[in-house]
Amino acid sequence: MSIDNNVAEREMKRIAIGRKNWLFVGSDQGGQTAAVLFSFASTCQRLGVEPWAYLQDVLSRLPTLPTERLAELLPDRWQAARAAASASAAPPSAAPPPAPGAPR
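Remember, predicted model here, so these are calculated numbers, not experimental data. As a convention, each chain's residues are numbered from 1 in the sequence order in which they are written. Restriction of local features to residues with pLDDT of at least 70 applies here, the model being predicted, together with a cutoff of 80 or more for giving and counting side-chain atom pairs; totals for whole chains, interfaces and linings are based on all residues. Each side-chain value is worked out from all heavy atoms of the structure, with water and hydrogens disregarded.

Student: Break down a nonpolar patch on the surface for me, with residues and values.
Tutor: The patches described consist of residues with a relative accessible area above 30% and no salt bridge, like charges being joined within 9 Å and nonpolar side chains (Val, Leu, Ile, Met, Phe, Trp, Tyr) within 5 Å. Computed with a 1.4 Å probe, the accessible areas rest on the Shrake-Rupley method; for each residue, only the protein chains presented here act as cover. We define a salt bridge as a contact between a side-chain nitrogen of Lys or Arg and a carboxyl oxygen of Asp or Glu at a distance within 4 Å. A cluster of nonpolar side chains, namely Trp-52, Leu-55, Leu-59, Leu-62 and Leu-70, defines an oily patch on the protein surface of about 480 Å² accessible area. Tracing the backbone shows Leu-70 in the loop between helix H3 (51-61) and helix H4 (75-89). Secondary structure counts use DSSP, requiring at least four H or I residues in a row for a helix and at least two E residues in a row for a strand, with both numbered from the N terminus.

Student: Explain the pattern of salt bridges to me, using residue names and the numbers behind them.
Tutor: A side chain with one charge may pair with a side chain of the opposite charge, provided their charged atoms come close. The full count for this structure, using the stated rule, is two salt bridges. A salt bridge links Arg-69 to Glu-72; the shortest N-O distance between them is 2.8 Å.

Student: Let's hear about the side chain of Asp-57: which residues, and what values?
Tutor: Structurally, Asp-57 is set in helix H3. We classify Asp-57 as buried; its relative accessible area is 17%. Leave out the neighbours within four places in its chain, and Asp-57 touches Trp-78 and Arg-82. When a residue's accessible area, from a 1.4 Å probe over protein chains only, is under 20% of the maximum for its type it is buried; when over 50% it is exposed; and in between it is partly exposed. We call two residues in contact whenever any of their non-hydrogen atoms come within 4.5 Å of each other.

Student: An account of the nonpolar core is needed here, citing residue identities and associated values.
Tutor: Counting seven residues, the largest nonpolar core consists of Cys-44, Val-49, Tyr-54, Val-58, Leu-65, Leu-73 and Trp-78. Beyond its immediate sequence surroundings of up to four residues, Val-58 is in contact with Leu-73 and Trp-78. Nonpolar cores are built from buried Ala, Val, Leu, Ile, Met, Phe, Trp, Tyr and Cys residues. Side-chain atoms within 4.5 Å join them into one set.

Structural measurements only, silent on function.
Written out as structure tokens, the structure is:
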């Protein structure tokens, strides 16, 4: 466990810097929507997830996914599942060529 809170402070810095820009969001609902979107964008950035690819995949799978499996769509689990799927789909790598002068 880390003894500092640098990650949390970096995320909060983004909010503090833009505070004047977001002062007038139009309504309380607009402020709540902005908060959800900023949280989503920060989570994707922290996990290294491309937000558009994530949203496309989740929104296409959501209508057919059983309720008890919704947790699979959380960004961290989604990323791990995609990494595992791409690793299993990748062809096995060829053995490197022998070093010059090495017995064959």
